[in-house]
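# Results of the structural survey
What follows is each chain in one-letter form.
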Amino acid sequence: MSVISVSIDKNTVKDSGVSVHEVAADLVDEEEHQLGFTELFFRKRKHLIDPDATATKRSVFDDAVLAPHYWPKKNYENIHRFDPSARWTYREECALMRKIDWKIMVMAAIGFAALNLDRFNVNQANSSTFLTDMNLTTDDFNLGNSIFRLTFLCAELPSQLVSKRVGPDRWIPTQICLWSLVSLSQFWLTGRTSFLACRALLGALQGGFIPDLLLYLSYFYTKTELPIRLALLWMSTDLCNIVSSFLAFGILHLDGAAGKAGWRWLFLIEGGITLLIGVAAIFNMPASPTQTKTWFRPNGWFTEREEVIMVNRILRDDPTKAINLRYCLQGDMHNKEGLSLGRLWTAICDYNLWPLYILGLTFGIPDNPPLTYLTLLLRDIGFNTFQTNLLSIPYQALGIVTMFLVTLLSEHIGERTFVAMLEDLWTLPFLVALYALPSEPNQWVFFGIVTGLLSFPSVAYLHQLAWCSRNAGSVSGRTVNASLYNMFLQANSIISSQIYVASDAPRYERGNRILIVICCINIGVLYPGTKAYYIWRNRQRDKIWNVMTVEERDHYLRTTMDVGNKRLDFRFAH
């Protein structure tokens, strides 16, 4: 567990109205259990649990010596529900989790679908007469994608700063509404300049949305509950793309309606759908577990008992989400506390996360150009507009299956590096096959290879983002480091958008050679090197920590100014 210490006298804890109690006998001592697909879908558990048994996990709050180091600060928004003596059963916990999933996770999934709908519909427009009508070349299209990624990248950190200041519950709905207006305004595009301007605005408004959403969900879920929900959220991307492909197939048939091209109606209708989602999010994203009551929802979503359970199970899982800031120079943050320049600079200088940033820069390059150019590649090989939109569905359906299977695999092997590397391992043979095709290949053979390539298990981004968050070691660090990781990811997309160029069309042999080389570097150098680095760092700390006495460790916890992953008791995941 990553922690942040505070130097505090035990008498101070008494001011909060809650006493530090000795270790209780009715707490759960079992190892952390992370719900996975195996248990969720096949209902396989290692042991049966009495639903009426106590589900409260033992934590630092049950140790009279350690508790003062992790006590919540007084301005923590859920402090009135914090009670270390609170106990609850598995039956209560399961019922509450179902309620949180319906109230919180469903809205998050719908918002995520809105992001994907407006982020990728330009590719579907590209299967129509979009480039011809706008007098654009493929290089202009590349430039538009690069500008989108660049502004997306530049907006990552500012978006996180705004989110931490005003709260993700306010900022996320605002983002959705703003970018939906830009998206639907593409109905009135007139040429190259307006196209590039809209891509820039979309990138600026959508940048930071994913880290903002992850930060918001962390207020309601523990670290063992969030991964599977994020995996399902990510799998919904392909499901959303399948639905949007069918939408595009239907909407593009409006070509000529009111004298307008079908792609214009695509932008207008899908932008309007997203705007409705943004308005709904305004009323359905509470700020925290204890802030669901409002003028339009006077009774709130949760009872007082449920709020007590939510707050205490979250803090027992990760006390750093509410550590008492008054007693430390570098404590963590509450939900609407802004980031200081000092925290920002500290996060940027955290060289222990640089290996993950490098992976974020390179891992997605091998499959990005074929994905971005899929509609153009299928049109060039001989398929028409409507065939192209329907033929973009199989790889998305297969992607759901491969991601599901790889997630099952990851639950059994518990290996972050190998699981993250699987995307490049999958991509490499298909890239070689694509490069080896003759100059005029059979269109169905070409379609089969491209579909196989794009059916890769898209787990690397999600695993590496969670990996980065885990190795950051604090809420403030996670906030900034997640944004920094995403900035490198967008730089990845900017680089990949320049690999398939007009002079290399239509086979893009030079581009495919570059993709093969990058894929080999990822597999042979960067992933093994990252794992080796974290093993080495952990061994360095073990040499120091394991020889310390109990008294020396207690003195270190009381006096250290080290925070997050700088602490001697922190170990990096790999």
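In what follows, the structure referred to is the one given above.
Residues numbered from 1 in each chain as written. Predicted model: local features only at pLDDT ≥ 70, side-chain atom pairs only at ≥ 80, totals over all residues. Heavy atoms only, no water.

Counting its secondary structure elements, the protein contains 23 helices and 0 strands. Burial status across the protein gives 58% buried among its 574 residues. The contacts of the protein with a sequence gap of at least 6 include a subset with a gap of at least 24, amounting to 83%. As displayed, the protein has an accessible area near 23600 Å², and 64% of this comes from carbon and sulfur atoms. (Helix = DSSP H or I, 4+ residues; strand = E, 2+ residues; numbered from the N terminus. Buried < 20%, exposed > 50% of the residue type's maximum accessible area, 1.4 Å probe, protein only. Contact = heavy atoms within 4.5 Å. Areas by Shrake-Rupley, 256 points an atom, 1.4 Å probe, with all protein chains shown as cover.)

Positionally, F120 belongs in helix α3 (residues 90-125). A residue is classified by how much of its surface remains accessible, and F120, at 23% relative accessible area, is partly exposed. Linking F120 and N241, residues 121 residues apart in sequence, is a C-alpha distance of 8.3 Å.

In this section: the packing of aromatic side chains. Aromatic rings considered in pairs are described by the distance between their centres and by the relative angle of their planes. Following the criterion strictly, the structure yields 30 aromatic pairs and no others. Geometrically, the ring pair formed by Y373 and Y508 is tilted, given 5.7 Å between the ring centres and 55° between the ring planes. Of the two residues, Y373 sits in the loop between α14 (368-372) and α15 (374-381) while Y508 sits in the loop between α21 (475-496) and α22 (509-545), which places them 135 residues apart along the sequence. Pair check on accessibility: Y373 and Y508 agree, each one buried. Relative to Y534, the ring of Y533 has its centre 5.5 Å away and its plane inclined at 65°; by these criteria the two rings are edge-to-face. An aromatic cluster is present here, built from W467, Y533, Y534, W536, F570 and F572 joined pairwise through their rings. Looking at R199, its charged tip hangs above the ring of F148, at a distance of 4.8 Å from the centre. Positioned over the ring face of W301 is R297, at 4.1 Å from the centre of the ring. (Phe/Tyr/Trp six-rings, centres within 6.5 Å; stacked < 30°, edge-to-face > 60°. Lys NZ or Arg CZ within 6 Å of the ring centre and 35° of its normal.)

The tendency in soluble globular proteins is for nonpolar side chains to be buried as a group. I100, F130, F209, I210, L217 and W263 are the most contacted members of the largest nonpolar core, which totals 129 residues. It is α3 that provides the largest number of residues to this core, a total of 13 residues. Apart from the residues within four sequence positions on either side, F130 is in contact with V122, A125, L136, L189, F195, W263 and F267. Core analysis: the next-biggest nonpolar cluster, separate from the first, contains 14 residues, V60, A67, F82 and M548 among them. (Core = buried A, V, L, I, M, F, W, Y, C linked by side-chain atoms within 4.5 Å.)

For the rest of this paragraph, the subject is empty space enclosed by the protein. Taken as a whole and assessed by the stated rule, the structure comprises 7 cavities of 30 Å³ or more. In this structure, the largest cavity encloses a volume near 1000 Å³. Lining the largest cavity we find 49 residues, and of these R119, F120, R149, N368 and L371 sit closest to its centre. When residues of the lining of the largest cavity are traced back to their parent elements, those giving at least two are α3, α5 (138-166), α8 (209-217), α9 (226-251), α14, α15, α17 (394-413) and α21. The residue inventory of the lining of the largest cavity, partitioned by class, reads 18 nonpolar, 24 polar and 7 charged. (1 Å grid on protein atoms, 1.4 Å probe; cavity = no way out; pocket = protein on both sides within 12 Å on 5 of 7 lines; lining within 4 Å. Points joined across faces, edges and corners; volume = space filled by probe spheres on them. Nonpolar A, V, L, I, M, F, W, Y, C, P; charged D, E, K, R; others polar.)

Within the secondary structure, Y461 sits in helix α20 (residues 460-472). Using a relative accessible area of 6% as the deciding quantity, one classes Y461 as buried. C-alpha separation for the pair Y461 and N486, spaced 25 residues apart in sequence, amounts to 9.2 Å. Residues within four places of Y461 in sequence aside, it is in contact with I210, W234, F363, Y485, N486 and L489.

Its 21 residues place the ends of helix α10 (residues 262-282) 31 Å apart at the C-alpha level, agreeing with the 30 Å of an ideal helix rising 1.5 Å per residue. Along α10, the residues that are buried comprise G262, W263, R264, W265, L266, F267, E270, G271, T274, I277, G278 and A281. Along its buried surface, α10 packs onto α3, α4 (130-133), α6 (168-185) and α9. (Expected span 1.5 Å × (residues − 1).)

Moving on: helix α19 (residues 443-454). Between its first and last C-alpha atoms α19 spans 16 Å; for 12 residues at 1.5 Å apiece the expected length is 16 Å, and the two agree. Residues of α19 that are buried include every one of F446, F447, I449, V450, T451, G452, L453 and L454, and no others. Among the residues of α19, the N-terminal cap falls to N442, whose side-chain oxygen and the backbone nitrogen of W444 are separated by 2.8 Å. (Polar contact = N/O pair within 3.5 Å; in protein donor to acceptor, adjacent residues only side chain to side chain.)

Moving on to the packing of α3 against α10. Across the interface, α3 lies against α10 with an axial gap of 10 Å and an inter-helix angle of 165°. Between α3 and α10, the crossing angle belongs to the class labelled roughly antiparallel. For the element pair α3 and α10, the recorded crossing hand is left-handed. Every residue of α10 that contacts α3 at M107, I110, G111, A114, L117, D118, N121, V122, Q124 and A125 is listed here: W263, L266, F267, E270, G271, I273, T274, I277, A280 and A281. Split by residue class, the contact of α3 with α10 holds 13 nonpolar, 5 polar and 2 charged. (Axes fitted to C-alpha atoms, helices over the stretch in contact; angles between N-to-C directions. Parallel < 35°, antiparallel > 145°, perpendicular 65-115°, else oblique. Left-handed = near helix turned anticlockwise from the far one by under 90°.)

Quick look at unusual backbone geometry now. Note that the residue after A505, namely P506, is joined by a cis bond; omega there is 0°. Assignment of secondary structure puts P506 in the loop between α21 and α22. If you check the backbone angles, N135 has positive phi at about 55° while not being a glycine. As for its position among the elements, N135 is in the loop between α4 and α5. Residue classification places N135 among the exposed positions, given a relative accessible area of 68%. In this structure, A258 is a non-glycine residue whose phi angle is positive, near 55°.

Turning to the packing of helix α13 (residues 354-362) against α20, a few remarks are in order. The geometry of α13 relative to α20 is characterised by a closest axis approach of 10 Å and an angle of 165° between their N-to-C directions. It follows from the interaxial angle that α13 and α20 lie roughly antiparallel. Along this stretch, α13 crosses α20, giving a crossing that reads as left-handed. Between α13 and α20, the residues in contact are L356, Y357, L359 and G360 and Q464, W467, C468 and N471, respectively. Residues belonging to the contact of α13 with α20 are distributed by class as follows: 5 nonpolar, 3 polar and no charged.

Time to look at the environment of V459. Inspection of the secondary structure puts V459 in the loop between α19 and α20. A residue is classified by how much of its surface remains accessible, and V459, at 1% relative accessible area, is buried. Note: C-alpha distance between V459 and M403 (56 residues apart in sequence) is 6.4 Å. Not counting chain neighbours up to four residues away, the residues in contact with V459 comprise M403, V406, T407, V419 and E423.

Geometric values such as these leave the question of function open.
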